[in-house]
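Next come the chains, spelled out residue by residue.
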Amino acid sequence: MDQATLDTIEQKIHVFLLEKFPLARTSHVSRDTSLLESGILDSLGILDVVAFLESEFAITIADEELVPDNFRSLGTLSAFVRQKSGAE
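No experiment lies behind these values; they were computed from the predicted model shown. (Residues numbered from 1 in each chain as written. Predicted model: local features only at pLDDT ≥ 70, side-chain atom pairs only at ≥ 80, totals over all residues. Heavy atoms only, no water.)

(A) Examining the packing of helix α1 (residues 8–20) against helix α3 (residues 43–57) more closely. α3 packs onto α1 with a crossing angle of 140° between their chain directions and a minimal axis gap of 11 Å. Between α1 and α3, the angle is such that the two are oblique. Crossing hand, α1 versus α3: right-handed. Here Ile9, Lys12, Ile13, Phe16, Leu17 and Lys20 of α1 lie close against α3, whose contacting residues are Asp48, Val49, Phe52, Leu53, Glu56 and Phe57. Here the contact of α1 with α3 is built from residues that sort into eight nonpolar, no polar and four charged. (Axes fitted to C-alpha atoms, helices over the stretch in contact; angles between N-to-C directions. Helix = DSSP H or I, 4+ residues; strand = E, 2+ residues; numbered from the N terminus. Parallel < 35°, antiparallel > 145°, perpendicular 65-115°, else oblique. Left-handed = near helix turned anticlockwise from the far one by under 90°. Contact = heavy atoms within 4.5 Å. Nonpolar A, V, L, I, M, F, W, Y, C, P; charged D, E, K, R; others polar.)

Here's what the structure looks like:
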């Protein structure tokens, strides 16, 4: 993935995924890679991502927002964070 083409939010999430999840390092994680279907994220991994997003971007993620659509890919994660940041 060309880091220069990613926005800052997406870059931070991408770096976190690479550091935290070994499968992300061995897979080519693009903006559209399904993090759930590829096995990079599981239910415990989502909790790690939530903790990271809340602390890194000063957002609060409600229980009802813990749905697969928000965690599907790097692109959907960064869009979710942008939406949450604008709403707060």
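Alright, that's what it looks like, and here's the rest.
(B) Quick peek at the pattern of salt bridges. Counting across every chain of the model gives five salt bridges. Glu10 serves as the salt-bridge partner of Arg31, at 3.0 Å between the closest nitrogen and oxygen. One end of the pair, Arg31, is in the loop between α2 (22–26) and α3; the other, Glu10, is in helix α1, and 21 residues separate them in sequence. Between Glu56 and Lys12 there is a salt bridge, with the nearest N and O atoms lying 3.4 Å from each other. Here Lys12 lies in helix α1 and Glu56 lies in helix α3, a separation of 44 residues in the sequence. (Salt bridge = Lys/Arg side-chain N within 4 Å of Asp/Glu carboxyl O.)

(C) Up close: the nonpolar core. Formed by 23 residues in total, the largest nonpolar core has its most connected members in Ile13, Leu17, Phe21, Val49, Leu53 and Phe57. The set of elements that each furnish at least two residues to this core consists of α1, α3 and α4 (74–87). It is α3 that contributes the most residues to this core, six residues altogether. The residues touching Val49, leaving out its near neighbours within four places in the chain, are Phe16, Leu17, Phe21, Leu41, Phe71 and Leu77. (Core = buried A, V, L, I, M, F, W, Y, C linked by side-chain atoms within 4.5 Å. Buried < 20%, exposed > 50% of the residue type's maximum accessible area, 1.4 Å probe, protein only.)

(D) Structural detail: the packing of aromatic side chains. Applying the stated criterion across every chain, the model contains four aromatic pairs. Geometrically, the ring pair formed by Phe16 and Phe21 is edge-to-face, given 6.1 Å between the ring centres and 85° between the ring planes. We note that Phe16, like Phe21, is buried. Aromatic pair Phe52 and Phe57: ring centres 6.1 Å apart, planes at 85°, arrangement edge-to-face. Phe57 shares its class with Phe52; the two are buried. (Phe/Tyr/Trp six-rings, centres within 6.5 Å; stacked < 30°, edge-to-face > 60°.)

(E) Focus on the confidence of the model for the protein chain. Model confidence for the protein chain is summarised by a mean pLDDT of 89, while 91% of its residues fall at 70 or above. α3 holds the highest mean pLDDT among the elements of the protein chain, 96, whereas α4 holds the lowest, 89. Predicted confidence is poor over residues 1–6, with pLDDT under 50, and the contacts of this stretch with residues over four places away or in other chains come to eleven contacts. (pLDDT = per-residue confidence, 0-100.)

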